[in-house]
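Now for the letters of each chain:
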Amino acid sequence: MDDVAFSRELLQAKLLVELMSQAVHHELVLKGGLAMRAVLGSTRYTKDIDLDAVTEASAGRIQGIVARSIERVLGQPGLLDEAKVSTPKQTETTMRWKVNGKAPGTDRPITLTVEVSRLAWAAPFRTQELELTKEFAGGAARGRVLVLDAQALAVCKVLALTDPKRDAPRDLFDLSVLLETELKDPARLLVSQPRERLEEALSELWVKVESMGYERFKAEVAPYLPLETAAAITEDAYSEMQVSVATNVDKWLADAIELQEKTEAAGPPNKKSGAK
């Protein structure tokens, strides 16, 4: 990790800890690539802090939490020079902040995005509170973070990977990382998706994974990995990663459809009549 990447990750870590400290009623939960890096040990760097608002907190309450957290962290010396904050999107369902500046003592730019979604979850996800890993930002920031569990993260990544409007090889890489954890069967959560969505994902999965070839991995994912990690993922290793991810996701989708079919065949549960 070069100095700029470390400066950005240190800023992320400090801001993440402050966000969780300000969200005293557990209003925010971390998701996405940073959740995987900060608490699950993924080696992929990310520029974003993606969060969900998980309580009935108002939009104003969430905006206040994020604005105060950014202000407090940027007030700390040695984190970011010439810092500027903008709010390019602030709606009832999506709130986005951009933090721009320069790595301390340099002219090299640093950009960080904080985004909070207030949309309903795609499935009945579970959360867990975990310590930041010692590897994240070199252990310079310590604290506990409310995060989606691995099963929920896997469902989010499956939906992202198979989204017809999205084409990001990092989703493939992230799923390969999740497969190395103690991952419970995501089919139990995927079953909540519409049948048409699952069938579409299943029919397009292999074509989409095959389109994310090695050259795209080198161009779009490898620059955000440590040099030794990127070097270890040869073309053959990447091909194995593609097959492993696609095989597992194929099974999860097929199992979810089968569970739906069994539920439909069983019909609605019988109601016992009460005593007269």
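Residues numbered from 1 in each chain as written. Predicted model: local features only at pLDDT ≥ 70, side-chain atom pairs only at ≥ 80, totals over all residues. Heavy atoms only, no water.

Caption draft 1: How the structure looks around helix α1 (residues 3–22). Taking 1.5 Å per residue, 20 residues should reach 28 Å; α1 reaches 28 Å between its end C-alpha atoms and fits that length. Counting buried positions along α1 gives 15 out of 20 residues, so the element sits mostly inside the fold. (Helix = DSSP H or I, 4+ residues; strand = E, 2+ residues; numbered from the N terminus. Expected span 1.5 Å × (residues − 1). Buried < 20%, exposed > 50% of the residue type's maximum accessible area, 1.4 Å probe, protein only.)

Caption draft 2: Structural context of the side chain of Ser69. With respect to the element layout, Ser69 can be found in helix α3 (residues 59–74). Beyond its immediate sequence surroundings of up to four residues, Ser69 is in contact with Leu15, Glu18, Leu19 and Gln22. (Contact = heavy atoms within 4.5 Å.)

Caption draft 3: Representation of the nonpolar core. Residues Leu16, Leu30, Ile49, Leu51, Leu190 and Phe217 are the most contacted members of the largest nonpolar core, which totals 84 residues. Ranked by residues supplied to this core, first place goes to helix α10 (residues 235–266) with nine residues. (Core = buried A, V, L, I, M, F, W, Y, C linked by side-chain atoms within 4.5 Å.)

Caption draft 4: Geometry of the environment of Pro186. Along the chain, the position of Pro186 falls in the loop between α5 (169–178) and α6 (187–190). Residue Pro186 is classed as buried on the basis of its relative accessible area of 1%. Placed 74 residues apart in sequence, Pro186 and Leu112 show a C-alpha to C-alpha distance of 31 Å. Once you skip the residues sitting within four places of it in the chain, Pro186 turns out to touch Gln151, Ala154, Val155 and Trp252.

Caption draft 5: Up close: the environment of Lys31. Here Lys31 lies in strand β1 (residues 28–31). Overall, Lys31 belongs to the partly exposed group, its relative accessible area being 22%. For the pair Lys31 and Leu148, spaced 117 residues apart in sequence, the C-alpha separation works out to 5.9 Å. Every residue in contact with Lys31, bar those within four places of it in the chain, is listed here: Asp50, Leu51, Asp52, Ser117, Leu148 and Leu153. One polar contact links Lys31 to Asp52, side chain to side chain, over a distance of 2.8 Å. (Polar contact = N/O pair within 3.5 Å; in protein donor to acceptor, adjacent residues only side chain to side chain.)

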